[in-house]
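What follows is the residue order along each chain.
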Amino acid sequence: MSAHPPPPGSGPEGAAYADRFAAESDGMAAARERAARLPGPPPVEPAVGATLAVLAASVGARSVVSIGSGGGLSGLWLLRGMRRDGVLTALDGDPEQLRAARAAFAGAGVPSGRTRLIFGTPAEVLPRFSPGAYDMVVCTGPPRDYADQLGGLLDLVRVGGTLACHGLLAGGRIADRTARDPQTVAWREITRAVRENEDLTSAVLPIGEGLLVATRR
Ligand SMILES: C[S@@+](CC[C@H](N)C(=O)[O-])C[C@H]1O[C@@H](n2cnc3c(N)ncnc32)[C@H](O)[C@@H]1O
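If you check an unreviewed UniProt entry, the protein chain appears there as Class I SAM-dependent methyltransferase from Blastococcus goldschmidtiae.

Written out as structure tokens, the structure is:
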């Protein structure tokens, strides 16, 4: 199938507008500043955060798992969209990132009972979670670190719930069939598994570094 030409308004100007449209709270701005001082990949762009919030709201999310808490920015966006009694479970393999996420949630006035921060990798932590018990699972870490756990992550999502994975368009290599670097290979595995899963309806949203979304039918 041939690709359509990009519509007017897409590209950098469209992306900048989408980020401006997604107004971040003071707590989010503080979390972004704190995250910028940490080593490691940057937090999600405002437009991606806002999309995560919309997805959380659209599934009436009460329970969300976030793989790769980072400094808590995506968590704050998710909490904005979740029900007021919802609980966000966020895990990260870096204690410094978890500390930053804890500070971000406290600084934004999030009641402590609404977040559960867990140190560990998906492989270590997933066995503790109940299959089918989550309205949404969000992955923002490097795909190599959870590609082999994708089945387990999908099992967490209830029928009608949503999986969102951020970063697949970073570097523009996924569409390049000759690209063989480990991150691109991991993204290919993830996108193929999601697209071929008949229990999922999926799409790629070209916002931020690319958001793969899939809803369990
Ligand atoms: C892009 S950052 C997350 C940004 C965050 N979601 C936000 O928007 O604020 C990716 C995070 O994944 C974490 N991470 C990377 N590999 C991991 C692994 N194997 N297990 C758990 N966390 C991991 C990193 O420590 C980092 O904090």
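Student: Would you mind going over helix H2 (residues 26-36) in detail, with residue names and values included?
Tutor: For H2, the set of buried residues is Gly27, Met28, Ala31, Arg32 and Ala35. For H2, the arc enclosing every buried residue in end-on projection is 140 degrees, short of the 170-degree limit, so these residues lie on one face. Residues of H2 that are exposed and point over 90 degrees away from its buried face: Asp26, Glu33 and Ala36. Among the structural elements, helix H4 (73-81) and helix H5 (95-107) are those in contact with the buried residues of H2.

Student: Describe the confidence of the model for the protein chain, with residues and values.
Tutor: Of all residues in the protein chain, 97% have pLDDT values of 70 or greater, and the mean over the chain is 94. Both scores are given for the predicted complex: the pTM is 0.95, the ipTM 0.97.

Student: I'd like a description of the site of the ligand, backed by residues and values.
Tutor: Around the ligand there are 22 residues in total, and Gly68, Gly70, Gly93, Gly141 and Asp145 lie nearest to it. Breaking the shell around the ligand down by element, the ones donating at least two residues are H4 and strand E2 (87-92). Counted by class, the shell around the ligand contains eight nonpolar, eleven polar and three charged residues.

Student: Could you give an account of H4, with specific residues and numbers?
Tutor: With eight of its nine residues buried, H4 lies for the most part within the structure. Turning to H4, its buried residues are Leu73, Ser74, Gly75, Leu76, Trp77, Leu78, Leu79 and Gly81.

About the criteria used
- Residues numbered from 1 in each chain as written.
- Predicted model: local features only at pLDDT ≥ 70, side-chain atom pairs only at ≥ 80, totals over all residues.
- Buried ≥ 20, exposed ≤ 12 C-beta atoms within 10 Å, placed from the backbone.
- Helix = DSSP H or I, 4+ residues; strand = E, 2+ residues; numbered from the N terminus.
- Arc of directions from axis to C-beta.
- Contact = placed C-beta atoms within 7 Å.
- pLDDT = per-residue confidence, 0-100.
- Near = placed C-beta within 6 Å.
- Nonpolar A, V, L, I, M, F, W, Y, C, P; charged D, E, K, R; others polar.

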